[in-house]
Amino acid sequence: MKVPFTGCATAIVTPMRDGGVDFDALARLIEYQIDNGVSAIVPCGTTGEAPTLGGEEKKRVIAFTIRRTDGRIPVIAGCGSPSTEYAAKYAADAEKEGADGILVVTPYYNKATDTGVYLHYKTIAEHVHIPVIAYNVPARTGLCISERAYALLCTIPNLCGVKEASANVGYTERIAAAYGEKLGIYSGCDELTAPIYAVGGCGVVSVLSNILPAEMVRLCNLCENGRMQDAAKLQQKLYPLMQLLFSEVNPIPVKTALHLMGLCSDEMRLPLCSMGEENRKRLIQELQHQGVLK
């Protein structure tokens, strides 16, 4: 099955106000992304605070995002859960709402054997007919998809790609070399976008594009057109802000930045909390340097 997008997809934040989802702000954020040319939107991922959202809330956020985009760009719904049963239900619900694909993180906390990882994704994929993208982020989950597990995943007909956030370019290169004909490789780390393109990647699921979507789109376009020296220069220009967006747990810094830009509040749900003052000052300075804030 073909990948549902190439280029830059935005792992969009879930704006909140007074304890609930702020759908007016979510509409603004979606339009900001589309106006700046992103290839897809990914709601209810890590950046969207999915672990703090209830099941019905996730369903509403995904449904709203699909309706608001109205077919202009693909919506890849975050459907991860440590429970295979729940993840499969979220995936089926997202397909019914009209999602163009689903993004499924490895089963965190439970972890799993290679066979368990395979059966987790196989079961979820059998509940839908749309593309499934695996999400490998060992720093969050305590589990890294092994090369043996990747070989098993490649036998699942509608599992078409992986968001690789192991932060290991050498490992990603091995996966791309061995399984790139079957799996589209997306960078799950903004700072590795150009390097992962260079070893066979086809895009990025980006945090930075919440703030600078046009710049991340340009970075992907440069890579896709083989202009790697120009891509490297842009990657290096954006790198300080990429680092600051992970100076505290994601999505604390990116939500703080969007608040400073006037696009949504910086309200989050515990255990996420307000950004530390020193890091906030550094973030403001870099946003000013990048021309985001005056």
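Residues numbered from 1 in each chain as written. Predicted model: local features only at pLDDT ≥ 70, side-chain atom pairs only at ≥ 80, totals over all residues. Heavy atoms only, no water.

Side note on empty space enclosed by the protein
Just so we agree on the cut-off: For cavity detection a 1 Å grid was placed over the protein atoms alone, and a set of points counts as a cavity when a 1.4 Å probe fits there but cannot get out; an open set counts as a pocket when protein lies on both sides within 12 Å along at least five of seven lines, with lining residues being those that have an atom within 4 Å of a point. Grid points are joined across faces, edges and corners, and a volume is the space filled by probe spheres set on the points. Charged means Asp, Glu, Lys or Arg here, nonpolar means Ala, Val, Leu, Ile, Met, Phe, Trp, Tyr, Cys or Pro, and polar covers whatever is left, Gly included.
What the rule picks out here adds up to one cavity of 30 Å³ or more. What lines the largest cavity is Ala-11, Val-42, Gly-45, Thr-46, Thr-47, Leu-103, Tyr-135 and Lys-163. For the lining of the largest cavity, a count of residues per class yields four nonpolar, three polar and one charged.

Some thoughts on the packing of aromatic side chains
Which entries qualify depends on this criterion: Here the aromatic set is Phe, Tyr and Trp, taking the six-membered ring for Trp, and pairing holds for ring centres within 6.5 Å; pairs whose planes are under 30 degrees apart are stacked, those over 60 apart are edge-to-face, and all others are tilted. Where helices and strands are cited, they refer to DSSP runs of H or I of at least four residues and of E of at least two residues respectively, numbered from the N terminus.
Tallying each qualifying case throughout the model produces five aromatic pairs. When the centroid spacing of 6.4 Å and the interplanar angle of 20° are considered together, the rings of Tyr-86 and Tyr-90 count as stacked. In this pair, Tyr-86 and Tyr-90 are both assigned in helix H3 (residues 84–97), four residues apart and thus about one turn of the helix distant. Among the aromatic residues, those joined into a ring-pair cluster are Tyr-150, Tyr-171 and Tyr-179.

With respect to the pairing of strand S7 (residues 132–136)
What counts is decided by this rule: Here's how the labels work: a residue is buried when its accessible area is under 20% of the maximum for its type, exposed when over 50%, partly exposed in between, all with a 1.4 Å probe on protein chains only. Only strands that DSSP links by at least two bridges are regarded as paired with each other. If the strands point away from the viewer and the path from the first strand over the helix to the second runs clockwise, then the crossover is right-handed.
Of all the five residues making up S7, five are buried; the element is thus mostly covered by neighbouring parts of the structure. Side chains of S7 alternate between two faces, with Val-132, Ala-134 and Asn-136 and Ile-133 and Tyr-135 buried alike. Bridge count between strand S6 (residues 101–105) and S7: four bridges; the pairing is parallel. Bridge pairing in S7 links Val-105 to Tyr-135. Handedness of the crossover is the feature at issue here: the chain leaves S6, passes through helix H4 (residues 114–125), returns alongside S7, and the resulting connection is right-handed. Bridge count for S7 against strand S8 (residues 159–164) is five bridges, and the pairing is parallel. Across the sheet, residue Asn-136 finds its bridge partner in S8, namely Glu-164.

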